[in-house]
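Listed below, chain by chain, are the residues.
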Protein chains: 2
Amino acid sequence: MSETFVIAQGGGPTAVINQTLAGAVIEARKRHRGARILGALHGVRGIRDGNFVDLSDLPEEQLRLLGATPSAALGSTRDKPDAAYCEKVLKGLRQTGATAFIYIGGNDTAGTQQILNDAAGGDIAFVHAPKTIDNDLEENDHTPGFISAAEFVATAFASVDLDFRALPGIYVGIVMGRHAGFLTAAAAAWQFDDESGPHLLYVPELAFSPKRFVEEVRSVIDRHGRCIVAMSEGVTAEDGRSVVENLVPRERLEFDAHGNVRLSGGDLGMAVEQALRDGLPGVRARVDTFGYLPRGNAGMINATDAQEAFDAGAFAVEAAAQGGGSVALQEEGGVTRIRLVPLANVAGKTRHLPPGFLSAEGTRLAAGGKAYFDRLLPRRLKLAKPFV
Amino acid sequence: MSETFVIAQGGGPTAVINQTLAGAVIEARKRHRGARILGALHGVRGIRDGNFVDLSDLPEEQLRLLGATPSAALGSTRDKPDAAYCEKVLKGLRQTGATAFIYIGGNDTAGTQQILNDAAGGDIAFVHAPKTIDNDLEENDHTPGFISAAEFVATAFASVDLDFRALPGIYVGIVMGRHAGFLTAAAAAWQFDDESGPHLLYVPELAFSPKRFVEEVRSVIDRHGRCIVAMSEGVTAEDGRSVVENLVPRERLEFDAHGNVRLSGGDLGMAVEQALRDGLPGVRARVDTFGYLPRGNAGMINATDAQEAFDAGAFAVEAAAQGGGSVALQEEGGVTRIRLVPLANVAGKTRHLPPGFLSAEGTRLAAGGKAYFDRLLPRRLKLAKPFV
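Everything quoted here is computed from the prediction, not taken from an experiment.

1. Re the overall build of chain A
Turning to step 1, where the next piece is worked out: The helix and strand tally for chain A stands at 12 helices and 11 strands.
Turning to step 2, where the next piece is worked out: With respect to the principal axes defined by its C-alpha atoms, chain A has extents near 70 × 50 × 30 Å.
Turning to step 3, where the next piece is worked out: Out of the 388 residues belonging to chain A, those deemed buried represent 63%.
Turning to step 4, where the next piece is worked out: A separation of at least 24 residues holds for 76% of the contacts in chain A among residues at least 6 apart in sequence.

2. Some details on the interface of chain B and chain A
Turning to step 1, where the next piece is worked out: Between chain B and chain A, the contact holds 71 residues from the first and 71 residues from the second.
Turning to step 2, where the next piece is worked out: Summing both partners gives a buried area of about 5,500 Å² for chain B against chain A, and 60% of it is carried by carbon and sulfur.
Turning to step 3, where the next piece is worked out: When the buried surface of chain B facing chain A is broken down by residue, R286, Y292 and F387 of chain B rank first, second and third, together holding 14% of it.
Turning to step 4, where the next piece is worked out: Counting across the chain B and chain A interface gives 6 salt bridges.
Turning to step 5, where the next piece is worked out: Ionic pairing is found between R295 of chain B and D163 of chain A, a salt bridge with its closest N-O pair at 2.7 Å.
Turning to step 6, where the next piece is worked out: Along the contact surface separating chain B from chain A lie 23 residue pairs in polar contact (both at pLDDT 80 or more).
Turning to step 7, where the next piece is worked out: For the side of chain B that touches chain A, the elements supplying multiple residues, two or more each, are α3 (60–67), α6 (146–166), α10 (265–279) and β9 (285–289) of chain B.
Turning to step 8, where the next piece is worked out: No other element matches α6 of chain B, which puts 10 residues into the side of chain B that touches chain A.
Turning to step 9, where the next piece is worked out: Of the residues that constitute the side of chain B that touches chain A, the class distribution is 36 nonpolar, 19 polar and 16 charged.

3. What about the packing of helix α1 (residues 17–31) of chain A against helix α11 (residues 303–321) of chain A?
Relative placement of two packed helices is described by the angle separating their axes and the distance separating the axes.
Residue and element names in this part refer to chain A.
Turning to step 1, where the next piece is worked out: In contact at an axis separation of 7 Å, α1 and α11 are set at 40 degrees when each is read in the N-to-C sense. Taken together, the axes of α1 and α11 are oblique relative to one another. Note that α1 runs across α11; the crossing there is right-handed. Between α1, through Q19, T20, A22, G23, A24, I26, E27, A28 and R31, and α11, the contact on the second element is made entirely by A306, A309, F310, A312, G313, A314, V317 and E318.
Turning to step 2, where the next piece is worked out: Of the residues that constitute the contact of α1 with α11, the class distribution is 10 nonpolar, 4 polar and 3 charged.

4. Side note on the domain arrangement of chain A
All names here are of chain A.
Turning to step 1, where the next piece is worked out: Split by domain assignment, chain A resolves into domain 1 (4–133 + 298–345) and domain 2 (148–294 + 354–376).
Turning to step 2, where the next piece is worked out: Once you take the C-alpha centre of each, domain 1 and domain 2 turn out to be 33 Å apart.
Turning to step 3, where the next piece is worked out: Residue-level contacts link 12 residues of domain 1 with 10 residues of domain 2.
Turning to step 4, where the next piece is worked out: On the domain 1 side of the interface with domain 2, the three residues burying the most area are I133, M300 and N302, jointly 54% of the side's total.
Turning to step 5, where the next piece is worked out: Where domain 1 touches domain 2, the interface holds 0 salt bridges.
Turning to step 6, where the next piece is worked out: Taken together, domain 1 and domain 2 are joined by 3 residue pairs in polar contact (both at pLDDT 80 or more).
Turning to step 7, where the next piece is worked out: The residue makeup of the side of domain 1 that touches domain 2, split by class, is 5 nonpolar, 2 polar and 5 charged.

5. Section: the sheet that holds strand β1 (residues 4–9) of chain B
All names here are of chain B.
Turning to step 1, where the next piece is worked out: Strand order in the open sheet formed by 7 strands is β3-β2-β1-β4-β5-β10-β11, and the pairing between neighbours is mixed. Each edge of the sheet is formed by a strand with only one pairing partner; in this case those strands are β3 (52–54) and β11 (335–341). Neighbouring strand axes in the sheet, compared pairwise and without regard to direction, differ in orientation by 25 degrees on average.

6. Thoughts on the side chain of E151 of chain B
Residues and elements named next belong to chain B.
Turning to step 1, where the next piece is worked out: The topology assignment puts E151 in helix α6.
Turning to step 2, where the next piece is worked out: According to the relative accessible area criterion, E151 is buried, its value standing at 2%.
Turning to step 3, where the next piece is worked out: Ignoring sequence-local partners within four residues, the contact set of E151 consists of W190, M300, N302, L377 and R380.

7. As for α11 of chain A
All names here are of chain A.
Turning to step 1, where the next piece is worked out: Spanning 19 residues, α11 covers 28 Å between terminal C-alpha atoms, matching the ideal 27 Å at 1.5 Å per step.
Turning to step 2, where the next piece is worked out: Where α11 begins, one side-chain oxygen reaches toward the backbone nitrogen of T304, 2.9 Å away; that side chain belongs to N302.
Turning to step 3, where the next piece is worked out: Positive backbone phi, approximately 105 degrees, marks G323, located one or two places after α11.

8. Looking at the pairing of strand β6 (residues 170–175) of chain B
Residues and elements named next belong to chain B.
Turning to step 1, where the next piece is worked out: The element β6 is extensively covered by neighbouring structure, given that 6 of its 6 residues are classed as buried.
Turning to step 2, where the next piece is worked out: Both faces of β6 are covered, namely the face carrying I170, V172 and I174 and the face carrying Y171, G173 and V175.
Turning to step 3, where the next piece is worked out: Summarising the sheet, β6 and strand β8 (residues 227–232) pair through 6 bridges and their orientation is parallel. Its bridge partner being in β8, G173 is matched across the sheet by A230.

9. Digging into the sheet that holds strand β1 (residues 4–9) of chain A
All names here are of chain A.
Turning to step 1, where the next piece is worked out: Here 7 strands make up an open sheet; going across it, the order is β3-β2-β1-β4-β5-β10-β11 and the pairing mixed. Taken across any chain shown, the strands that pair with only one partner, and hence form the sheet edges, are β3 (52–54) and β11 (335–341). Neighbour-to-neighbour, the strand axes of this sheet turn through a mean angle of 25 degrees, independent of strand direction.
Turning to step 2, where the next piece is worked out: As paired elements, β1 and strand β2 (residues 36–40) share 4 bridges and run parallel to each other.

About the thresholds
- Residues numbered from 1 in each chain as written.
- Chains lettered and ligands numbered in written order.
- Predicted model: local features only at pLDDT ≥ 70, side-chain atom pairs only at ≥ 80, totals over all residues.
- Heavy atoms only, no water.
- Helix = DSSP H or I, 4+ residues; strand = E, 2+ residues; numbered from the N terminus.
- Buried < 20%, exposed > 50% of the residue type's maximum accessible area, 1.4 Å probe, protein only.
- Contact = heavy atoms within 4.5 Å.
- Buried area = accessible area lost by both parts, 1.4 Å probe.
- Salt bridge = Lys/Arg side-chain N within 4 Å of Asp/Glu carboxyl O.
- Polar contact = N/O pair within 3.5 Å; in protein donor to acceptor, adjacent residues only side chain to side chain.
- Nonpolar A, V, L, I, M, F, W, Y, C, P; charged D, E, K, R; others polar.
- Axes fitted to C-alpha atoms, helices over the stretch in contact; angles between N-to-C directions.
- Parallel < 35°, antiparallel > 145°, perpendicular 65-115°, else oblique.
- Left-handed = near helix turned anticlockwise from the far one by under 90°.
- Domains from an automatic or database assignment.
- Pairing = 2+ DSSP bridges.
- Expected span 1.5 Å × (residues − 1).

In structure tokens:
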């Protein structure tokens with residue numbers, strides 16, 4: 001039987017999501033000579049609207065260069081299809097004669113695949129290939145895209161800490177992350193020594209109190225003369241809402257198709273600056289919003305991340321032959337293994353920082369977090385100890 | 001006569017200011033066997049207070065590693081000495097028996113050297129070695145630290161442009177730069193093709209109108225479906241004051257020792273977000289403040305920049321033998337030459353974007369700007385053209 005693969009990309013772009021695309025295309029052509037391979041533009045939206053690009057004969061050299069290019073080459077979408085939308089997507093898939101649909105993305109993308117799989121009659125294999133800088137997929141030890149983004153964050157904080165040894169003060173870097181603190185915790189992956197920043201981590205998993213925050217900063221300033229803070233965009237207040245929701249007047253809040261409040265590093269940043277000005281007057285404080293900078297930076301693509309993303313794409317083709325499911329990166333004895341798991345195990349679920357990852361008070365890496373980053377992101381920077 | 005060199009670092013750290021320190025120490029030891037070399041901690045403040053570290057016998061291997069480490073290893077300062085402060089610095093220098101004082105920094109640092117030189121009796125050679133990511137020193141084609149910071153900015157904007165091809169919207173990246181737009185203009189150095197972002201540049205040299213800004217963004221959105229903007233922290237309003245000063249209530253403004261208003265990317269960013277929400281409602285807009293990220297990033301140190309910074313430090317030792325002055329990186333037939341110029345030519349002066357650097361409306365690189373970056377920062381990224 002002749003095979004037709006439809007491939008699409010969903011959610012936020014990463015540094016290596018195109019590696020997964022390249023891996024899938026190259027593997028599909030290797031396994032299924034003469035296979036038809038269509039890329040859908042802007043995720044399921046492209047399937048619904050009939051916008052495809054034919055990848056069947058794209059030269060491998062071009063595919064390899066595409067893989068090495070950050071962001072989603074096919075375009076992405078934040079659409080979360082309802083039943084009617086799904087019907088149109090299924091119709092679009094059938095019109096192409098698709099035998100498999102590989103959708104590269106996060107837990108929302110896996111959710112879409114589960115809905116489509118349940119609605120279809122079993123004639124199409126639905127495969128979810130993992131991707132997210134948030135590193136928040138269940139069943140996965142880590143996700144393609146995370147290591148590169150984590151390396152950006154680790155490098156930035158190691159560098160900013162050196163900067164603030166030279167000219168002391170308070171620095172707060174606000175890092176993407178709505179529900180999971182992995183990327184923010186990565187700020188501490190390459191701490192230089194025991195006195196190194198970031199001195200304080202604030203992640204969405206733990207309630208954030210502006211009052212306690214100022215006291216913790218004050219205590220670090222007293223000890224080290226400077227204080228470097230890594231804070232997740234999604235830090236939540238004691239009432240369980242995001243701090244941003246507590247800070248910003250309701251009429252100014254924006255919501256996405258999933259009903260999530262749009263997190264703005266800017267709003268949080270201004271509130272943090274104000275809290276520091278009020279609580280620690282006269283101390284130089286600077287807040288930067290990292291925002292999109294870590295998530296697909298062409299200057300910082302981690303080689304392991306790139307290879308794993310490619311391999312996950314290739315494995316997705318094998319997964320299609322097995323009837324579909326979610327591709328997962330798991331850890332076994334310190335080595336990453338790629339396995340197939342049920343879509344339901346991943347779809348719509350969020351993995352959080354595990355116990356033992358952070359210290360008891362929640363603001364430093366504990367042994368678990370340190371071991372995790374030592375394995376995933378061995379230190380690459382070789383730096384001299386400054387005189388100050 | 002036995003030589004004693006005092007070396008210090010001033011102003012904002014960079015990725016390569018320690019290369020200049022290493023170059024000076026290694027050259028001083030080569031030229032003057034047995035020379036005493038003292039590093040002053042936190043600039044002139046260390047000289048005033050007698051805080052020195054002895055670099056005379058630091059192994060060259062350690063010096064080389066120090067050179068490859070970003071930020072100012074000796075610590076820095078924003079102190080601008082008045083006559084009384086200068087008297088104490090001169091006294092501190094004489095107590096060490098200094099025959100030369102090499103001060104690595106920007107135009108304020110050159111200004112300090114000029115004051116000290118005028119106050120001293122000619123027994124000490126005062127040398128200014130250039131450093132600034134702002135690239136705003138007179139007599140210099142470019143300054144050590146700029147190329148690395150520019151490469152960070154160019155890489156980030158090339159990457160963000162790819163990101164916004166996948167998920168369209170408006171992106172504004174706010175980049176350091178109080179008076180000169182060089183670093184912001186670097187955002188356009190690695191534009192991918194004619195449709196690439198950044199589509200709009202806003203620099204301090206040209207008056208910024210929020211109303212015109214929104215119209216220019218709207219026009220780009222109409223053409224390309226997305227709009228990427230690079231904006232200097234120091235953009236000025238039509239009245240000549242910084243936009244931040246116009247936006248922020250007077251009682252919240254902070255000023256430094258030089259009477260300059262403290263620029264906050266956050267304040268500007270929030271105002272820009274609000275202007276976009278009001279003027280282009282319903283269009284996804286995101287503002288990130290780059291802040292400190294470009295200026296000393298250990299993951300992005302440009303090799304040419306590092307070598308030139310080292311050479312500038314070595315040349316400062318030669319400059320001391322000639323009686324002092326300011327070390328300048330000049331261009332001759334496409335090649336960088338290091339020369340000695342009078343302190344007065346650099347001290348306290350600001351170099352701005354030259355005519356022909358930006359397009360007539362001021363929001364794109366013109367031929368002059370393109371040629372400048374093609375020479376200083378040849379494109380290193382090899383990227384595939386996305387399908388969207």
